[in-house]
Every structure is written in C-alpha cells, then in structure tokens.
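One-letter residues, chain by chain:
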Amino acid sequence: MRSRYSAFVLDRLDYLRQTWHPDTRPADLAPNPPNLKWLGLQVRRHEQQDDDHAIVEFVARCRQDGRASRLHETSRFVRQDGRWLYVDGDLHT
C-alpha cells in the first residue's frame, strides 16, 4: 500500500498499472492535476486473510486548490505470481 501511495504522489502511472489487477485496472490513468498535493498516508489496518488475499484500510490526505480532503478506503489485494495486486476497495465516508 505504501508503494502505491508513493506512486500516486510521484505520478508513477507505470507502477500503478503494474500493481493493479488486470480485471479491475482502468484503461487509462491520468496524472495528478498540478494543484493537487498529497500530504500523507496512514495505514490503519492490515489483514492477511489467507496466503493470497489481504485487505488494507488506509487514510490518504491531500490538498487541492487550498482545500484539504481525505481518502479513506479499505482495499482488497490478491497475490498472483508472487506479487500483490490491488483489486478494488470500499470508500468510507
């Protein structure tokens, strides 16, 4: 999760594609708008459900146009060929 957050911050779209499950990966990823600044990541919970499935609950903070916001999500990951891939997530409001 931390590596994907770093990839979002650095606009490493290639890494995000590589770590996103092909069944749920969007066809196109856009870089961050110039007025968006990522402020930090807090991993709240991690649970490995079995050898190949895990969830991560996190809060990512950002500021856009001077307005702060948070992304709070519980993400699902699956391990394929020894690599953890992001599948999808549930947003918390």
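Residues numbered from 1 in each chain as written. Predicted model: local features only at pLDDT ≥ 70, side-chain atom pairs only at ≥ 80, totals over all residues. Heavy atoms only, no water.

The name given to the chain in an unreviewed UniProt entry is YchJ-like middle NTF2-like domain-containing protein, and the organism recorded there is Bordetella ansorpii.

1. Digging into the nonpolar core
By size, the foremost hydrophobic cluster in this structure holds 8 residues: A7, L13, L16, W20, L29, V56, F77 and Y86. Those residues in contact with L13 that lie beyond four places of it in its chain are L29, A30 and P31. One finds W38, F58, A60 and C62 within the second-largest nonpolar core, a separate group that totals 6 residues. (Core = buried A, V, L, I, M, F, W, Y, C linked by side-chain atoms within 4.5 Å. Buried < 20%, exposed > 50% of the residue type's maximum accessible area, 1.4 Å probe, protein only. Contact = heavy atoms within 4.5 Å.)

2. Some points on the environment of V78
As for its position among the elements, V78 is in strand 3 (residues 67-80). Among the residues examined, V78 registers a relative accessible area of 13% and is labelled buried. A sequence separation of 23 residues divides V78 from I55, and the C-alpha atoms of the two residues are 8.8 Å apart. With residues near it in sequence (within four places) discarded, V78 still touches H21, D52, H53, R83, W84, L85 and V87. (Helix = DSSP H or I, 4+ residues; strand = E, 2+ residues; numbered from the N terminus.)

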